[in-house]
Protein chains: 2
Amino acid sequence: MTLVTDRIIATYLLSRPAAEAARAARLVAIEQTVEVPESLITPDIESRVVGKVLSVDAVGPELHRARISYDAALSGFELPRLLNLVYGNVSIQNGIRLVDLEIPESFLARFKGPNFGIGGLRRLLKVHGRPLLATALKPNGASTEEFERLAGDFARGGGDLLKDDQNLCDADLAAFAERVRRVQAAVSEANAKTGRNALYCPILCGPADELEARVAAVLGAGCAGVLAPPFLLGLDTVRMLAAKHGLLVMAHPSFTGTFFSDRSHGMTPGLLLGTLFRLAGCDVSIFPNPGGRFGFTKEECADLSARLTGPLGCLAPSFPAPAGGMTFENLPEMARDYGTDSVFLVGGGLLAHSKSVYDGTRAFLDSIEGLVR
Amino acid sequence: MTLVTDRIIATYLLSRPAAEAARAARLVAIEQTVEVPESLITPDIESRVVGKVLSVDAVGPELHRARISYDAALSGFELPRLLNLVYGNVSIQNGIRLVDLEIPESFLARFKGPNFGIGGLRRLLKVHGRPLLATALKPNGASTEEFERLAGDFARGGGDLLKDDQNLCDADLAAFAERVRRVQAAVSEANAKTGRNALYCPILCGPADELEARVAAVLGAGCAGVLAPPFLLGLDTVRMLAAKHGLLVMAHPSFTGTFFSDRSHGMTPGLLLGTLFRLAGCDVSIFPNPGGRFGFTKEECADLSARLTGPLGCLAPSFPAPAGGMTFENLPEMARDYGTDSVFLVGGGLLAHSKSVYDGTRAFLDSIEGLVR
């Protein structure tokens, strides 16, 4: 009996010469599915379970592209097993880079995706036709009074999205709840004056057994969502909390970087911070823009942006949020690179721009509006 | 007012020449704590929050060792924030490898550590004075009848620890519970005959909202614990479940490998699979032995083993479990390298060794007992 099943197709770049490429692809297909010596693979297991090498093509003398298809059932139609299936064990080997995933509708249909996405977040903010402006509460160590002032100035100045710096660390859950309440109150007060609806996303990070209580504090304060670091909390933990509570999720890339630093191994930023974060329900994916303190290339960021905004089953598109050492001078280039449907996340560059955060926010917004006119 | 606080000291290897090393160390200290331009750091924030560069020493012409101390309060005394503090943002940069962590007692004291550890697991098994023998239920795709037979043969042959292959994927939670029940029954039946107490650890992997139900199924079947992949589930999710349910945890390194593949970036295997997994309560840490299908060196494995078994506050020591393509011929070398307090995890090599798994297990155990006599 042959069952027709859905397949997940993974594309890897293998740093192997022509003489070894086909064998290397076969070894990936075995490693990721049955993990036994070839001699123990029966014809039945071979046909039902082992990954199938669809093609191996030369990209360069020492580089080959291998497409391998896996029975989608081996993923359990869930994220932790998908990660294991396409990159679990081979992550510990070398020269195997995952560059694409084709995910069947049977898998995608189990996922709720971003609760808001680009359209939903725009409706919430009532901002259309221009990139969004976001900033962060910094620096870590400032007082709640200073954060209230910063939040209020940013919201009064016309800013859209305010988030905690991902390194903010309150003394405990009660201190977190109190700070979030006060910052959100400052944003709400500014919104009442402007008639706008600037949003505040506090950091969601902490012990696994405290995350529900932190989400309750955030929602209790009237915030729409959180800044969540999926690789600190677990990618599927973020998906679960977002789906359960209808959260707006801005995703932070903390602790993901070893997937990108070695271009012959790991994953592309687009696949991890784009496809996988969107699958986990992230409405906004923050990533380092080229030219700042981090090393992503323009091509990598364009691919990431395309994966966040392009088709992915019925999942809503997510906002790309380039960040990381951006300044006023970068705005025209960012507008060219990312277009209207993007979030410009400017932290220190906005704080340092003018005498006041209000003035800085106004200046950045004027520039952004000028760029899309 | 100056508060005396505990410090976490992180040691990084920076791939930078002498002229840039001190500045690079300072930038790490800023990036990991306040993430703002130098001009925005007030003297107060500098003294209270910014990481302090303790030393920068040349290791080679293009390589420097930097020790940076962080206020332990910035870690929230919890794992997700510890990861963020010592390696969150700099993971996205290049040539910054985290090679050591000195963690103060104030942090360690919040952690329960392994529920069993080396001593507790030996008492449970009633096996002393020799390395433990472990194997995996494979290959993925075999029937439950075949797994029952494999489990029974291994336990009757004198094997100690049986685990699911980490890629096993049952159709759903009910199928998982049924398979676990049947395999544990086969092990229990064998134990009743031998008078021994071989243990079975099923895979704990699945959607975040299903993990509690899976743990309940495992404990309900009479198993002592699980095989858990911390980087698929979230490191602190594993800690939380282990602590809450008193689980025996065998940790699988799936999806961790990008931290190790580029030796100029990431972390050492010892720090991640040793120190951090032990902090998360893993009783056994599985890692690829040199000479198999993966690229860890002997020195890296020795460091990993030392971090699992050496002092770490009041935390119980954990078993190193070298694995990954090991065969009968490797046993003497493994015994030399890891000594008595180790778990030899042999999967395909044991299955392929003899006509029956019973005979194979007996042969491996005879060899292990001979090596420590």
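Quick summary incoming for the structure in this document. None of these values were measured; they are calculated from a predicted model.

This next bit is on helix H11 (residues 269–279) of chain A. Residue and element names in this part refer to chain A. The element H11 is largely enclosed, with a buried count of 11 among its 11 residues. Within the sequence span of H11, burial applies to Pro269, Gly270, Leu271, Leu272, Leu273, Gly274, Thr275, Leu276, Phe277, Arg278 and Leu279. Backbone geometry just after H11 places glycine 281 at a positive phi near 95°.

A word on the pairing of strand E1 (residues 7–14) of chain A. All names here are of chain A. Counting buried residues in E1 gives 6 out of 8 residues, a clear majority hidden from the surface. As paired elements, E1 and strand E3 (residues 63–71) share 8 bridges and run antiparallel to each other. Across the sheet, the residue bridging to tyrosine 12 is alanine 66, located in E3. As judged from the 6 bridges shared by E1 and strand E4 (residues 96–102), these two strands associate in the antiparallel manner. By the bridge assignment for E4, tyrosine 12 is matched with leucine 98.

Each partner contributes to the interface: chain B provides 72 residues, whereas chain A provides 72 residues. Contact with chain A buries area across many residues of chain B, yet Arg81, Ile92 and Phe255 of chain B alone supply 13% of it, more than any other trio. Between aspartate 209 of chain B and arginine 239 of chain A there is a salt bridge, with its nearest N and O atoms 3.0 Å apart. One can count 27 residue pairs in polar contact (both at pLDDT 80 or more) joining chain B with chain A. Sorting the residues of the side of chain B that touches chain A by element identifies helix H2 (43–48), helix H3 (79–87), helix H9 (230–233), helix H10 (235–245), strand E10 (266–267) and helix H14 (348–351) of chain B as the ones contributing at least two each. The leading source of residues in the side of chain B that touches chain A is H3 of chain B, at 5 residues. Partitioning the side of chain B that touches chain A into residue classes produces 33 nonpolar, 26 polar and 13 charged.

Time to look at the packing of aromatic side chains. Residues and elements named next belong to chain B. Counted under the stated rule, the structure contains 20 aromatic pairs over all chains. With centroids separated by 6.4 Å and ring planes inclined at 50°, the aromatic side chains of tyrosine 87 and phenylalanine 259 adopt a geometry described as tilted. Placement of the pair is tyrosine 87 in helix H3 and phenylalanine 259 in the loop between strand E9 (248–251) and E10, with a sequence separation of 172 residues. The pair formed by tyrosine 87 and phenylalanine 259 is uniform in burial state, with each residue classed as buried. Measuring from ring centre to ring centre gives 5.0 Å for phenylalanine 107 and phenylalanine 111, while their planes differ by 10°; the resulting arrangement is stacked. A single burial state applies to phenylalanine 107 and to phenylalanine 111, both of which are buried.

What counts, and at which threshold
Residues numbered from 1 in each chain as written. Chains lettered and ligands numbered in written order. Predicted model: local features only at pLDDT ≥ 70, side-chain atom pairs only at ≥ 80, totals over all residues. Heavy atoms only, no water. Buried < 20%, exposed > 50% of the residue type's maximum accessible area, 1.4 Å probe, protein only. Helix = DSSP H or I, 4+ residues; strand = E, 2+ residues; numbered from the N terminus. Pairing = 2+ DSSP bridges. Contact = heavy atoms within 4.5 Å. Buried area = accessible area lost by both parts, 1.4 Å probe. Salt bridge = Lys/Arg side-chain N within 4 Å of Asp/Glu carboxyl O. Polar contact = N/O pair within 3.5 Å; in protein donor to acceptor, adjacent residues only side chain to side chain. Nonpolar A, V, L, I, M, F, W, Y, C, P; charged D, E, K, R; others polar. Phe/Tyr/Trp six-rings, centres within 6.5 Å; stacked < 30°, edge-to-face > 60°.

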